[in-house]
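# Inside the fold
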Amino acid sequence: MPSKEFIQGLPKAELHLHIEGTLEPELKLQLADKNQMDIGFKTIDEIKESYLFNSLPSFLEVYYSGMSVLQTEDDFYQLAWAYLEKAAQHNVRRAELFFDPQAHTSRGVTFETVFNGYYRAVSESDKLGISTDLIMCFLRDMSAESAAETLEQALPYKDKILGVGLDSDEKGNPPLKFAEVFRKAKAEGFRLTMHCDIDQENSIEHIRQVLFDIGVERIDHGTNIVENQEYVDYINKHTIGLTCCPVSNGFVVDDMKGQEIIELLEQGVKVTINSDDPAYFQSYISDDLYALAQVYNLTTEQVVQLAKNSFEIAWISDEEKTKFL
Ligand code: ES4
Ligand code: ZN
C-alpha cells in the first residue's frame, strides 16, 4: 500500500471536478459577508453540519443554494484560484475544470461575469505549475432549449473553452435529450464528455447513448459499463476513459465502486480517480486515491497506473503527455 505522501507527490491530472464544488465554507462565509447576503449560517461549523447528503438530490440542493454567494467576476476568480492553489499542493499538473453557467445565469449573473472570472484564474495557472482548461457543463435537469441558449452564449469564447459536458440529475434526463446540442457543440469544435452516474435505472442504455449516439471521448463516472463486455471492449479499442470519483460515490450511493474500478483497471480500461466536489465531500484528489487504496488494498503499481491514466486520457497534446508518462 502506497503512503499518503507518495500519493500526494505523484503527478496527477484532475479531469472530473466541478469548480462550484470547490467552494469551501470559509470562502462561502467571506463572500456572503462581502455581498451582504444572509445564507442562514453564521459559522463554518454550522455550514459543515448542513452537509448531510446521502443521495444526489440532497447533495444538489446544498450545492446550488451554496453558490448563490458568487456574484461578481472577482468572486468567480477567487473561487477558481483558491482551488488551483489547493490542487498545486496535491501535485495536480493538469486540471480540466467543469463549470455550470446555467447555475448562475438562472439567478441573474451574466455568462460574461462567470466566464471572465474563471478564465482569469485559468490563464494564470501556469504560475502554479498547472496546465488548465475549462469544460462547460449543461444542467441535464434543465431543458434542451436552455442548453442550446447556453451554447450560443459560449460561442464568442469557444477558443477558450475546451469541451462541453453534462451534469446534474440524470433521472429522467437521458443523454439523447441533448443530442442536438452536442452535435452542434462538436461541429463548433468543442470536445465532448458526459456524466453517466452510478446505478441509474437505465445505466447501460445511457452508456450506449453516450458512446454510439453522442460520440463522447470520455465518460464521467460510467463504472456500470463493467456489466457489458461489448462496451468495455469498445472503449478499450477507442481509448475512451472513465473519470471516476470514489469518495463522491460513497456519499451519493453509499459505495465507492472500488470493485468495479479495479475490475476495469485489470481489463486495461483507462480509469482515473478524481474528486468531483471536494469542498462538499471533504476530499481532494490525493485523498480520493488514498481512500480507494486503503479500502481496497491497492498496490503501488495500481495507484501509479491510475495516475498515469489521467494523463493518457487528458485532453492535451501527445507532446505534453510525454512529460508525465
Ligand atoms: C455533481 Cl456529484 C454530482 N452529480 C451530478 N452533477 C453534479 N454537479 C456537481 N456535482
Ligand atoms: Zn461530476
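Each value, and the rule that gives it
Residues numbered from 1 in each chain as written. Chains lettered and ligands numbered in written order. Predicted model: local features only at pLDDT ≥ 70, side-chain atom pairs only at ≥ 80, totals over all residues. Helix = DSSP H or I, 4+ residues; strand = E, 2+ residues; numbered from the N terminus. Contact = placed C-beta atoms within 7 Å. Near = placed C-beta within 6 Å. Nonpolar A, V, L, I, M, F, W, Y, C, P; charged D, E, K, R; others polar. UniProt positions renumbered as here; feature names shortened; annotations may be inferred. Buried ≥ 20, exposed ≤ 12 C-beta atoms within 10 Å, placed from the backbone. Pairing = 2+ DSSP bridges. Axes fitted to C-alpha atoms, helices over the stretch in contact; angles between N-to-C directions. Expected span 1.5 Å × (residues − 1).

## Quick look at the environment of arginine 93
- Relative to the helices and strands, arginine 93 is located in strand β2 (residues 92-99).
- Not counting residues up to four positions away in its chain, the partners in contact with arginine 93 are Pro11, Lys12, Ala13, Gly129, Ile130, Ser131 and Phe324.

## A look at the site of ligand 1
- Surveying the vicinity of ligand 1 reveals the residues His18, Gly21, Leu56, Phe59, Tyr63, Asp167, Ser168, His195, Ser248, Val252, Asp276 and Asp277.
- Those elements giving two or more residues to the shell around ligand 1 turn out to be α4 (56-66) and α12 (246-253).
- When residues in the shell around ligand 1 are grouped by element, the largest group, three residues, is from α4.
- Here the residues of the shell around ligand 1 are counted per class, giving four nonpolar, five polar and three charged.

## Observations concerning the UniProt feature "binding site: substrate" (unreviewed entry) in the protein chain
- Taking the UniProt record as the reference, the feature "binding site: substrate" (unreviewed entry) is found at Asp277.
- Its location among the elements puts aspartate 277 in the loop between β8 (271-273) and α14 (278-281).
- C-beta crowding within 10 Å serves as the criterion here: with 26 such atoms nearby, aspartate 277 is assigned to the buried category.
- Non-local contacts of aspartate 277, meaning those with residues more than four positions away in its chain, are made with His18, Gly21, Tyr63 and Ser248.

## Some thoughts on the sheet that holds β8
- An order of β1-β2-β3-β4-β5-β6-β7-β8 is seen for the eight strands of this open sheet, with the pairing classed as parallel. Both edges of this open sheet fall to β1 (12-18) and β8, since each of them pairs with a single strand only. Taking the axes of each pair of neighbouring strands and ignoring which way they run, one obtains an average angle of 25° across the sheet.
- Here strand β4 (residues 163-167) pairs with strand β5 (residues 191-196) via two bridges, running parallel. Across the sheet, valine 164 pairs through a bridge with leucine 192, a residue of β5.

## Considering the UniProt feature "binding site: Zn(2+)" (unreviewed entry) in the protein chain
- UniProt marks His16, His18, His195 and Asp276 with the feature "binding site: Zn(2+)" (unreviewed entry), using the numbering shown here. Over a stretch of 261 residues, the named residues converge on one spot in the fold, their C-alpha atoms separated by at most 11.8 Å.
- Among residues more than four places away in sequence, those in contact with histidine 16 are Asp220, Thr243, Cys245, Asn274 and Asp276.
- In this structure histidine 195 touches Gly165, Leu166, Asp167, Glu170, Asp220 and His221, once residues within four positions along its chain are discounted.

## Points about helix α7 (residues 111-124)
- The end-to-end C-alpha separation of α7 is 20 Å, in line with the 20 Å expected for 14 residues at 1.5 Å each.
- Every buried residue of α7 is listed here: Thr113, Val114, Phe115, Gly117, Tyr118, Tyr119, Ala121 and Val122.
- In this structure, the buried residues of α7 make contact with α5 (73-89), β2, α6 (102-105) and β3 (131-139).

## Description of the environment of isoleucine 285
- Within the secondary structure layout, isoleucine 285 lies in helix α15 (residues 285-296).
- For isoleucine 285, a count of 32 C-beta atoms within 10 Å puts it in the buried group.
- Linking isoleucine 285 and glutamine 8, residues 277 residues apart in sequence, is a C-alpha distance of 8.4 Å.
- Beyond its immediate sequence surroundings of up to four residues, isoleucine 285 is in contact with Lys12, Glu14, His90, Val92, Asn274 and Ser275.

## Looking at α12
- Burial within α12 is extensive, with six of its eight residues counted as buried.
- Of the residues making up α12, those classed as buried are Pro246, Val247, Ser248, Asn249, Phe251 and Val252.
- The inward-facing, buried residues of α12 contact α4, β7 (241-244), α13 (258-266), β8, α14 and α15.
- Immediately beyond the C-terminal end of α12, within one or two residues, lies aspartate 254, with a positive phi of roughly 60°.

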